[in-house]
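Architecture and fold: a report
Here are the chains, one letter per residue:
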2 protein chains.
Amino acid sequence: MSQTWDAALRARGYRVTPQRQLVLEAVTKLDHASPEEIFAEVHQKATGVNVSTIYRTLELLEQLGLVTHTHLGHGAPRYHLAAEAQHVHLVCRDCGRVTELAPDAAQPLVTALDEEHGFETDVGHLTVFGTCRDCRRTRPGPGATSA
Amino acid sequence: MSQTWDAALRARGYRVTPQRQLVLEAVTKLDHASPEEIFAEVHQKATGVNVSTIYRTLELLEQLGLVTHTHLGHGAPRYHLAAEAQHVHLVCRDCGRVTELAPDAAQPLVTALDEEHGFETDVGHLTVFGTCRDCRRTRPGPGATSA
DNA sequence: TTTAGTGCAAACACTTTGCAAAGTA
DNA sequence: TACTTTGCAAAGTGTTTGCACTAAA
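The following paragraphs examine the structure supplied in this document.

Reading the values: the criteria
- Residues numbered from 1 in each chain as written.
- Chains lettered and ligands numbered in written order.
- Predicted model: local features only at pLDDT ≥ 70, side-chain atom pairs only at ≥ 80, totals over all residues.
- Heavy atoms only, no water.
- Helix = DSSP H or I, 4+ residues; strand = E, 2+ residues; numbered from the N terminus.
- Rg over C-alpha atoms; globule rule 2.2 N^0.38 Å.
- Buried < 20%, exposed > 50% of the residue type's maximum accessible area, 1.4 Å probe, protein only.
- Areas by Shrake-Rupley, 256 points an atom, 1.4 Å probe, with all protein chains shown as cover.
- Lys, Arg positive; Asp, Glu negative; His and termini not counted.
- Charge placed at Lys NZ, Arg CZ, Asp CG, Glu CD.
- Expected span 1.5 Å × (residues − 1).
- Contact = heavy atoms within 4.5 Å.
- Pairing = 2+ DSSP bridges.
- Near = heavy atom within 4 Å.
- Polar contact = N/O pair within 3.5 Å; in protein donor to acceptor, adjacent residues only side chain to side chain.
- Nonpolar A, V, L, I, M, F, W, Y, C, P; charged D, E, K, R; others polar.
- Salt bridge = Lys/Arg side-chain N within 4 Å of Asp/Glu carboxyl O.

The next subject is the overall build of chain A. Of the regular secondary structure elements, chain A holds six helices and six strands. Reading chain A from its N end, one meets helices and strands in the order α-α-α-α-β-β-β-β-α-β-β-α. Here the C-alpha radius of gyration of chain A, 18 Å, is well above what a compact globule of 147 residues would show, namely 15 Å. Counting only C-alpha atoms, chain A reaches 60 × 35 × 25 Å along its principal axes. Taken across its 147 residues, chain A has 44% of its residues classed as buried. Looking at chain A as shown, the accessible area adds up to about 8,000 Å², and 50% of this sits on carbon and sulfur atoms. Positive and negative side-chain charges in chain A, numbering 14 and 18 respectively, have mean positions lying 7 Å apart.

Below you can see the structure in the form of structure tokens.
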């Protein structure tokens, strides 16, 4: 589980470049980071690298199945290693905290959607918005009390 | 359930304008449309209306609790009437089709997240990505067959 | 050497802003 | 009339593209 990535590139005729390595490292280190964050990280180690390279590389790495992305709300997509276990994201609307959950948390939903709608859920991209435990304590929350 | 919206505006000191009515009508008619689609719809009926007005109006209507938005993947946010029953979105990665489901489809998930993580799910914003029945038929799908 | 990858700058899509003119109350 | 809302045009984000140069194989 060390440098298989460069084999993955070469195997498909792509070249191994420092930029690609840096991007992959940044994705690994940051975990669900946005392209901009990845850029910042890479830029720190190699000032010359351009944003467009970040985007192009992310696209390539995703295509190769090395990384994936999810959408955590408004902003930019978030990238993480595909090798990492799939996980469900819990995003708190109040504090913005992102929690990762084992995919089986969604199992009942997945099963229900499959059986009732023939829909095959992509669990790795499942993001649930709401209010986390801490924020619910702090303020009653929109779901508990209504008008 | 007819023109309560104009009362909602006036009650808060906002003015009732044709633009606002048109935007609300477009949101109602189109259902989970992007700002651009709403713009197109409004523009058809009143050529003079500007995009910026669409954005400003959507923001206002959302703030007033008349409409809400969700993110259905990459693109622009999607707006729909808040008055409409909450629903879960199923988005097919292949054909892009969006299916609306009654929120109780997610009930087991909601309960599990609440009990196990103290997380209060915002069901109305829940979007599930995956492959729909038709597309699964057409092509094996990434979940069924692997390498 | 050959061909793929990169930096750069310009182009893009989407959204926001300032301001003067127009419209609601 | 007084003050909100709009249209317009320009400025901002975040992302993509064309092209000549650089570098991997």
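Attention shifts here to helix α2 (residues 18–30) of chain B. All names here are of chain B. Given a rise of 1.5 Å per residue, 13 residues ought to cover 18 Å, and the 18 Å separating the end C-alpha atoms of α2 matches this to within 8%. When we look at burial in α2, the residues that qualify are Leu22, Val23, Leu24, Ala26 and Val27. Positive phi shows up at Asp31, right after α2, with a value of about 60 degrees.

Glancing now at the environment of A:Cys132. Relative to the assigned elements, A:Cys132 resides in the loop between β6 (127–131) and α6 (133–138). Given the relative accessible area of 6%, A:Cys132 is considered buried. Each C-alpha atom of the pair A:Cys132 and A:Thr99 lies 9.1 Å from the other, and the pair is 33 residues apart in sequence. Those residues within four positions of A:Cys132 in sequence are excluded, and the remaining contacts are A:Cys92, A:Cys95, A:Arg97, B:Gly118 and B:Phe119.

We now examine unusual backbone geometry. Backbone phi values are negative for most residues with the exception of glycine, while trans is the configuration of most peptide bonds. A positive phi angle, close to 55 degrees, is found at A:Asp31, a residue other than glycine. Along the chain, A:Asp31 falls in the loop between α2 (18–30) and α3 (35–45). The backbone of B:His32 sits at a positive phi, close to 25 degrees, despite the residue not being glycine. With relative accessibility at 14%, the residue B:His32 sits in the buried group.

Moving on to the pairing of strand β3 (residues 88–92) of chain A. Residues and elements named next belong to chain A. Most of β3 sits out of view: five of its five residues are buried. Side chains Val88, Leu90 and Cys92 project from β3 onto one buried face, and the interleaved His89 and Val91 project onto a second face that is buried too. With four bridges connecting them, β3 and strand β4 (residues 98–101) associate as antiparallel partners. Within β4, the position partnered with His89 by the bridge is Glu100. Following β3, the chain reverses through five residues before pairing antiparallel with β4; Gly96 in that reversal takes a positive phi of roughly 80 degrees.

Moving on, we come to the protein's contact with DNA strand D. A:Tyr55, B:Gln19, B:Arg20, B:Thr53 and B:Arg56 are the nearest of the 21 residues found near DNA strand D. Within the contact set of DNA strand D, a base nitrogen lies 3.1 Å away from a side-chain nitrogen or oxygen of A:Arg15. B:Thr17 has a polar side-chain atom sitting 3.0 Å from a phosphate oxygen of DNA strand D. When residues of the surface near DNA strand D are traced back to their parent elements, those giving at least two are α3 and α4 (51–63) of chain A together with α2 and α4 (51–63) of chain B. Grouping the constituent residues of the surface near DNA strand D by class yields seven nonpolar, seven polar and seven charged.

Contacts to DNA strand C come from 21 residues, most closely from A:Arg20, A:Thr53, B:Arg15, B:Glu36 and B:Tyr55. Among atoms of DNA strand C positioned within 4 Å of the protein, sugar and phosphate together represent 73%. Note that a base oxygen of DNA strand C is positioned 2.8 Å from one of the side-chain N or O atoms of A:Arg15. Taking A:Arg56, its side chain carries an N or O atom lying 2.9 Å from a base nitrogen of DNA strand C. Counting only elements with at least two residues in the surface near DNA strand C, the list comes to α2 and α4 of chain A together with α3 (35–45) and α4 of chain B. Tallied by class, the residues present in the surface near DNA strand C amount to seven nonpolar, seven polar and seven charged.

Once that is clear, we can look at the pattern of salt bridges. Under the defined criterion, the tally for this structure stands at 14 salt bridges over all chains. In this structure, the salt-bridge partner of A:Asp134 is A:Arg97, at a minimum N-O distance of 3.1 Å. Here A:Arg97 lies in the loop between β3 and β4 and A:Asp134 lies in helix α6, a separation of 37 residues in the sequence. Relative accessible area serves as the criterion here: at 40%, A:Arg97 is assigned to the partly exposed category. Residue B:Asp6 is joined to B:Arg10 by a salt bridge in which the shortest nitrogen-to-oxygen separation is 3.0 Å. Taken together, the residues span about one helical turn, with B:Asp6 and B:Arg10 both in helix α1 (residues 4–11) at a distance of four residues. You can call B:Arg10 exposed: its relative accessible area is 52%. In the salt-bridge network here, residues are joined through shared partners; they are A:Arg97, A:Asp134 and A:Arg137.

Nothing here speaks to function; it is geometry throughout.
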